[in-house]
Amino acid sequence: MNFIASAGPGLLDRLAASRAAASFRPAGVSSRAADAVSSSAPSAGTRVTLDAATADAAVYARPSAPGAGPRRVWAKAGDDGLSELMSRNSGKEAHTLSDRWRGLGGALLKQLADTGERYRQTLADVVPALPDASATDPAASAANAEGAGSADPAAAAAALQQQALSGVATNATTVSLKVQTRSGQTVELKIGVNSGASGGTRGLQVEVSSSGPLSGAERDALARLSDGLDRALEGLGDGVPALDLSGLTGFDADGVLTGLDLRIDHPDASADRPGQLRSFSLQLGAEKKSLSLRTTSGEMALEVDAAATSRATSSAPASGRRWSAIDQLLQQVDAAAERSHADAAMTMSFKDAFRQLQAPPADPDEPRRADDGRRADADEGRERLRDAASTLAVRPAANVVNGGAVDALDPSAMAPMSDGLRAQAQSLQSGLADFQASFSADSQRTSRIGSVQEAGHAEYRIGQTTSERPNAATGGRSITQTQTETLSASFQKSRTYTLDRAGGNYDATTVEDSKTVTTLIDTTRDSIARAMRKTDEQRRKTFTEVENHRAASHQEWPDQRSVVERLR
């Protein structure tokens, strides 16, 4: 008696579908190689038995119709929690970088914190190929020619899988995090996201490792960074970047970690979408904090004296004064952005970065654990550095001696400052840690219907330096703090509904501003002898009506002032 047993749809449906089946392959993989994989890869099938006594049964591979979706290839068995998270982040709903990154960074740090072992995984989404792709795809035709001699289907399958997995790293968006511990270990975390739009294979690649064994305290510190890393990536990967670094800037609160370096490179950023992330970097250490951001509209950079952010700012009054100084400077940034019509998104990112890198330290350290991995003299060394910084209150200047050689200032040449005198001197300064910051960006303003009504470019720079030297006349110190600010901008505005640069009909405005504020403080051994502040400012604004590429009218508003204010 003959019978047909089927594990799915009817036999006729399966046979019909198999004629239209297409094998899955990554970009650049030949159809011949893909066919070899299809013939060798294990799959569920339909068994057709024509007679119970027949010795051999025909087995047909279950077909994959074109457009049925990608096939997933894993570097190793994807049966752990991190692999499940990678799979979820690669679903159809994952459209932005935030979607692809969501929770991965924190999960990797927790993985290392829990196990202390290296973890690495790659997921490749191998897209379906058209049945006749090789007829129209020169790259596929070349690959066919290269693979023509392959006679081993299993080897071809392995090669195809390896090519798919290695293709995930091609032109991928990368996240790289390095964390230094006080014991000398380096923790490295990497995330690669590939959209498949630039020649690589769509997929995800993750890795986390340590250069050596980690103590219990070091693992705990890494676990505490996990939420901060996830929040930072969430803001950076969702359209126009938003900076949420508060969970990273306090990385060294317990003294176990000494350095953090986060870098992101996004080569797929579309120039047609203003404000999209191109690259980002954040370096946090004992000496300085620095940040840079590049988008499709412009770039910004910020560097802050890290030691100064902790000088005498742990008490509530000093912390409040720091926040007041931050707010005051951000008002200057707002005024410059309004005057120059600077890009709103870049201005907001600049302000967020400044606020978070200048923020005073959090609450004092909690009691040290016995197994935190710090050197026995770590706390004492940190206290000595903190006391020295508090005594100097500012970065000492260098003395220029014979022949132009530079000799570091000997602290013993200056009388120590009492707490009261130090507080008086600091109250006359800006309240900010020394810094250098800048941004430059193109800008556009559109109407409600989306037409461009204004376009321009702005460059802004602001910085502060503080130095001190012995004052032989008073027996105390001379402290000099200088803050500089420059602004250069130009923008063109339509007189109708749409900006007409090509026709040369618009209103053009330029802005050129500069400002220098210098504070001079001379102290005796126990009091302020003299304090003064000098402000030099130049401002210039021009307005030109342009008609048919010619200036129909032109106006200028120059302004200059110099003011000396006696503080004591």
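Residues numbered from 1 in each chain as written. Predicted model: local features only at pLDDT ≥ 70, side-chain atom pairs only at ≥ 80, totals over all residues. Heavy atoms only, no water.

### Details of the environment of His 266
Inference 1: The residue His 266 is located in the loop between strand E8 (257–265) and strand E9 (277–284) in this model.
Inference 2: In this structure the C-alpha to C-alpha distance between His 266 and Phe 280, which are 14 residues apart in sequence, comes to 8.8 Å.
Inference 3: Leaving out residues up to four positions away in the same chain, His 266 has contacts with Leu 97, Thr 173, Leu 277 and Arg 278. (Helix = DSSP H or I, 4+ residues; strand = E, 2+ residues; numbered from the N terminus. Contact = heavy atoms within 4.5 Å.)

### Things to note about the side chain of Gln 276
Inference 1: Inspection of the secondary structure puts Gln 276 in the loop between E8 and E9.
Inference 2: Using a relative accessible area of 13% as the deciding quantity, one classes Gln 276 as buried.
Inference 3: Apart from the residues within four sequence positions on either side, Gln 276 is in contact with Gly 239, Val 240, Ser 270, Arg 294, Thr 295 and Thr 296. (Buried < 20%, exposed > 50% of the residue type's maximum accessible area, 1.4 Å probe, protein only.)

### A short note on the packing of aromatic side chains
Inference 1: Per the counting criterion, the structure on display carries four aromatic pairs.
Inference 2: Both rings, one in Phe 354 and one in Phe 435, keep their centres 5.0 Å apart while their planes meet at 80 degrees; by these two values the pair is edge-to-face. One end of the pair, Phe 354, is in helix H13 (residues 344–358); the other, Phe 435, is in strand E14 (residues 435–446), with 81 residues separating them in the sequence. Like Phe 435, Phe 354 is buried.
Inference 3: For the pair Phe 439 and Tyr 460, a centre-to-centre distance of 5.7 Å together with 40 degrees between the ring planes defines the contact as tilted. Of this pair, Phe 439 sits in strand E14 while Tyr 460 is found in strand E15 (residues 452–471), placing the two residues 21 residues apart along the sequence.
Inference 4: Following the ring pairs from residue to residue traces out a cluster consisting of Phe 350, Phe 439 and Tyr 460. (Phe/Tyr/Trp six-rings, centres within 6.5 Å; stacked < 30°, edge-to-face > 60°.)

### With respect to helix H5 (residues 104–115)
Inference 1: For H5, with twelve residues, the first-to-last C-alpha span of 16 Å sits near the 16 Å given by 1.5 Å per residue.
Inference 2: Burial in H5 covers these residues: Leu 104, Gly 105, Gly 106, Leu 108, Leu 109, Leu 112 and Ala 113.
Inference 3: Following H5 by one or two positions, Gly 116 adopts a phi angle in the positive range, close to 70 degrees. (Expected span 1.5 Å × (residues − 1).)

### Quick notes on the packing of H5 against helix H9 (residues 216–236)
Inference 1: For the pair H5 and H9, interaxial distance at closest approach is 7 Å and the crossing angle is 170 degrees. With respect to H9, the element H5 is oriented roughly antiparallel. Mapping the contact onto sequence places Leu 104, Gly 105, Gly 106, Leu 109, Lys 110, Leu 112, Ala 113, Asp 114 and Thr 115 in H5 and Arg 219, Leu 222, Ala 223, Leu 225, Ser 226, Asp 227, Leu 229 and Asp 230 in H9.
Inference 2: For the contact of H5 with H9, the residue count by class is eight nonpolar, four polar and five charged. (Axes fitted to C-alpha atoms, helices over the stretch in contact; angles between N-to-C directions. Parallel < 35°, antiparallel > 145°, perpendicular 65-115°, else oblique. Nonpolar A, V, L, I, M, F, W, Y, C, P; charged D, E, K, R; others polar.)

### A look at helix H8 (residues 153–166)
Inference 1: Between its first and last C-alpha atoms H8 spans 20 Å; for 14 residues at 1.5 Å apiece the expected length is 20 Å, and the two agree.
Inference 2: Within the span of H8, buried status applies to Ala 156, Ala 157, Leu 160, Ala 164 and Leu 165.
Inference 3: Of the residues that open H8, the one with a side-chain oxygen 3.1 Å from the backbone nitrogen of Ala 154 is Asp 152. (Polar contact = N/O pair within 3.5 Å; in protein donor to acceptor, adjacent residues only side chain to side chain.)

### Some words on the pairing of E8
Inference 1: Inspection of the sheet shows strand E5 (residues 173–181) paired to E8 by eight bridges, in the antiparallel sense. Paired with Leu 177 across the two strands is Leu 262, which belongs to E8.
Inference 2: Pairing between E8 and E9: six bridges, direction antiparallel. Residue pairing in the sheet places Leu 262 in a bridge with Leu 282 of E9. (Pairing = 2+ DSSP bridges.)

### Quick look at the nonpolar core
Inference 1: Ranked by internal contacts, the top residues of the largest apolar core, which has 75 residues, are Ile 191, Leu 260, Leu 262, Phe 280, Leu 282 and Leu 291.
Inference 2: Top contributing element to this core by residue count: H9, with eight residues.
Inference 3: Ignoring sequence-local partners within four residues, the contact set of Ile 191 consists of Trp 101, Leu 104, Gly 105, Leu 108, Thr 173, Thr 174, Val 175, Leu 204, Gln 205, Val 206 and Leu 233.
Inference 4: Of all hydrophobic cores here, the second largest spans eight residues; its members include Leu 421, Ala 425, Ile 521 and Ile 528. (Core = buried A, V, L, I, M, F, W, Y, C linked by side-chain atoms within 4.5 Å.)

### Digging into the pairing of E5
Inference 1: Where burial is concerned, the two faces of E5 differ: the one with Thr 173, Val 175, Leu 177, Val 179 and Thr 181 is buried and the one with Thr 174, Ser 176, Lys 178 and Gln 180 is not.
Inference 2: In the sheet, E5 pairs with strand E6 (residues 186–194) via eight bridges, with the strands oriented antiparallel. Looking across to E6, one finds that Thr 173 is bridged to Val 193.
Inference 3: Connecting E5 to the antiparallel partner E6 that follows it, the hairpin turn spans four residues, and Gly 184 within it adopts a positive phi of roughly 100 degrees.

### Here's the deal with the packing of helix H3 (residues 81–89) against H5
Inference 1: Running from N to C, H3 and H5 point in directions that differ by 175 degrees, and their axes come no closer than 11 Å. Considering the angle they form, H3 stands roughly antiparallel to H5. Contacts between H3 and H5 involve Leu 82, Leu 85, Met 86 and Asn 89 from the former and Leu 104, Ala 107, Leu 108 and Gln 111 from the latter.
Inference 2: Residue composition of the contact of H3 with H5, by class: six nonpolar, two polar and no charged.

### Focus on the pattern of salt bridges
Inference 1: Tallied over the full model, the rule gives 22 salt bridges.
Inference 2: Here Glu 207 and Arg 118 are joined by a salt bridge, their closest N and O atoms 2.7 Å apart. Remark: Arg 118 occurs in the loop between H5 and strand E4 (119–126) and Glu 207 occurs in strand E7 (residues 202–210); sequence separation between them is 89 residues.
Inference 3: Glu 207 sits in the buried class, given a relative accessible area of 17%.
Inference 4: With relative accessibility at 53%, the residue Arg 118 sits in the exposed group.
Inference 5: The salt bridge involving Arg 495 is made with Asp 507; its shortest N-O contact spans 2.6 Å. On the criterion of sequence distance, the pair formed by Arg 495 in the loop between strand E16 (476–493) and strand E17 (506–523) and Asp 507 in strand E17 is long-range, its members being twelve residues apart.
Inference 6: Salt bridges sharing common partners tie together Arg 72, Asp 125 and Arg 202. (Salt bridge = Lys/Arg side-chain N within 4 Å of Asp/Glu carboxyl O.)

### What about the environment of Thr 486?
Inference 1: Looking at the secondary structure, you find Thr 486 in strand E16.
Inference 2: Here Thr 486 falls in the partly exposed class, since its relative accessible area comes to 37%.
Inference 3: Between the C-alpha atoms of Thr 486 and Ile 462, which are 24 residues apart in sequence, the distance is 6.5 Å.
Inference 4: Apart from residues lying up to four places away in sequence, Thr 486 is in contact with Glu 459, Tyr 460, Arg 461, Asp 513 and Ser 514.

### Focus on unusual backbone geometry
Inference 1: Even without glycine at this site, His 341 takes up a positive phi of about 55 degrees.
Inference 2: Even without glycine at this site, His 549 takes up a positive phi of about 70 degrees.
Inference 3: Note on placement: His 549 falls in the loop between strand E18 (528–547) and strand E19 (550–566).
Inference 4: Given a relative accessible area of 54%, His 549 falls into the exposed group.

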